[in-house]
Every structure is written in C-alpha cells, then in structure tokens.
Amino acid sequence: MEASLSALLKKIFANDQLVLVLTKSIMLLLLLLISIASKKVVKTILDKFITDAAAKTKTQFDDLLLDTPFLDHIYRFIPLIIIYFSLNFIVPKDHAATVISKRFILSGMVLLG
C-alpha cells in the first residue's frame, strides 16, 4: 500500500522528500484511524459478550465488571498496543522517531494503567 501511495504522490509532486513525508504522514494517520476503530469494534463485541454472560450467571463479579470502569481502562490499551506493534511497518525500527514514539506509548500505558 505504501508503494502505490508513494507512486500516486510522485505523479502529483515532483519533490521526493515531500512525497516521503506525505506518504509517512498518511500511513500514520491511517494507523491512528484503524486503532481507534478497532477499539470501538472490540468494545462493542466484548460488552455484548460480557453482558450476555453476566445475565446467565448469578455471581456478583460479572455485574461488578459492568458497573465499574475497569473494562474502559482495558479498552484504552487497544489503540496503544496496535500503534506500538505497527509502528515498525511505517518507520524503520532503529529510527529515532520510532524509539521516542514507542517510549511515549509505553509511558502512556503506565499512566493509563
């Protein structure tokens, strides 16, 4: 996908450096949108599953999971995990921006946890 996007941008812009920056920016934006969408999809599926399971059991633990914000904290990790592991496909693994971004993501996980 990156190669076809880069080829399309080369037809529009003559500057190779601008094409590289635009390609990486669009790929990062797509990664961000995918991670946010996946959070919503996983939240919808797991909420339905846990609600159905809680309705079938008589224990209070299931109801406690639904009443407290515990699951919301878990759902916040999904975009961070997707971005953390997908960042290497967009920016080279040993690039300074990747290392710094991954450190920010890890610190965000610690702060959210």
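This is a predicted model, so every value here is computed, not measured.

## A look at the overall build of the chain
Secondary structure assignment for the chain yields five helices and zero strands. Over its C-alpha atoms the chain spans a radius of gyration of 19 Å, topping by over 25% the 13 Å that the globule rule assigns to 113 residues. Structurally, the chain occupies a C-alpha span of about 65 × 25 × 15 Å along its principal axes. Taken across its 113 residues, the chain has 26% of its residues classed as buried. Pairs at least 24 residues apart make up 51% of the contacts formed inside the chain by residues separated by at least 6 positions. Looking at the chain as shown, the accessible area adds up to about 8200 Å², and 72% of this sits on carbon and sulfur atoms. The averaged location of the 9 negative side-chain charges in the chain is 6 Å from the averaged location of its 13 positive side-chain charges.

## Comments concerning the environment of A3
In this structure, A3 sits in helix 1 (residues 2–12). Sequence separation between A3 and L20 is 17 residues; the distance between their C-alpha atoms is 10 Å.

## Details of the packing of aromatic side chains
Each pair of aromatic rings is reported with the distance of its centres and the angle of its planes. The tally for this structure, following the rule as stated, stands at one aromatic pair. Centre to centre, the rings of Y84 and F85 are 5.2 Å apart; their planes meet at 90°, and the pair counts as edge-to-face. Since its relative accessible area comes to 57%, F85 is described here as exposed.

## Considering a nonpolar patch on the surface
The grouping of M1, I26, L29, L30, L32, L33, I34 and I36 at the surface amounts to a nonpolar patch, some 730 Å² of accessible area in total. Considering the arrangement of structural elements, one finds M1 in the segment before helix 1.

## A few points about the side chain of T23
Take T23: it is sitting in helix 2 (residues 16–56). In this structure T23 comes out as buried when scored by relative accessible area, which is 2%. In this structure T23 touches E2, L5, S6 and L9, once residues within four positions along its chain are discounted.

## Observations concerning the confidence of the model for the chain
Model confidence for the chain is summarised by a mean pLDDT of 83, while 99% of its residues fall at 70 or above. For the chain, per-element mean pLDDT is lowest for helix 3 (residues 60–67), which scores 74, and highest for helix 2, which scores 86.

## Remarks on the packing of helix 2 against helix 3
When two helices pack together, their arrangement is given by the angle between their axes and by how far apart the axes lie. The interhelical angle for the contact between helix 2 and helix 3, taken along N-to-C directions, is 145°, at an axis separation of 8 Å. Crossing geometry of helix 2 relative to helix 3 is assigned as left-handed. From helix 2, I50, T51, A53 and A54 reach across to helix 3, where they touch D62, D63 and L66.

## A short note on the nonpolar core
Core analysis: the biggest nonpolar cluster contains 14 residues, and L31, I90, I105 and M109 have the highest contact counts within it. Listing elements by their share of this core, those giving two or more residues are helix 1, helix 2, helix 4 (70–90) and helix 5 (96–112). If you tally residues by element for this core, the top one is helix 4, at six residues. Excluding its chain neighbours within four sequence positions, the residues that come into contact with M109 are F77, L80 and I81.

Conventions we followed
- Residues numbered from 1 in each chain as written.
- Predicted model: local features only at pLDDT ≥ 70, side-chain atom pairs only at ≥ 80, totals over all residues.
- Heavy atoms only, no water.
- Helix = DSSP H or I, 4+ residues; strand = E, 2+ residues; numbered from the N terminus.
- Rg over C-alpha atoms; globule rule 2.2 N^0.38 Å.
- Buried < 20%, exposed > 50% of the residue type's maximum accessible area, 1.4 Å probe, protein only.
- Contact = heavy atoms within 4.5 Å.
- Areas by Shrake-Rupley, 256 points an atom, 1.4 Å probe, with all protein chains shown as cover.
- Lys, Arg positive; Asp, Glu negative; His and termini not counted.
- Charge placed at Lys NZ, Arg CZ, Asp CG, Glu CD.
- Phe/Tyr/Trp six-rings, centres within 6.5 Å; stacked < 30°, edge-to-face > 60°.
- Patch = residues over 30% accessible without salt bridge, like charges linked within 9 Å, V, L, I, M, F, W, Y side chains within 5 Å.
- Salt bridge = Lys/Arg side-chain N within 4 Å of Asp/Glu carboxyl O.
- pLDDT = per-residue confidence, 0-100.
- Axes fitted to C-alpha atoms, helices over the stretch in contact; angles between N-to-C directions.
- Left-handed = near helix turned anticlockwise from the far one by under 90°.
- Core = buried A, V, L, I, M, F, W, Y, C linked by side-chain atoms within 4.5 Å.

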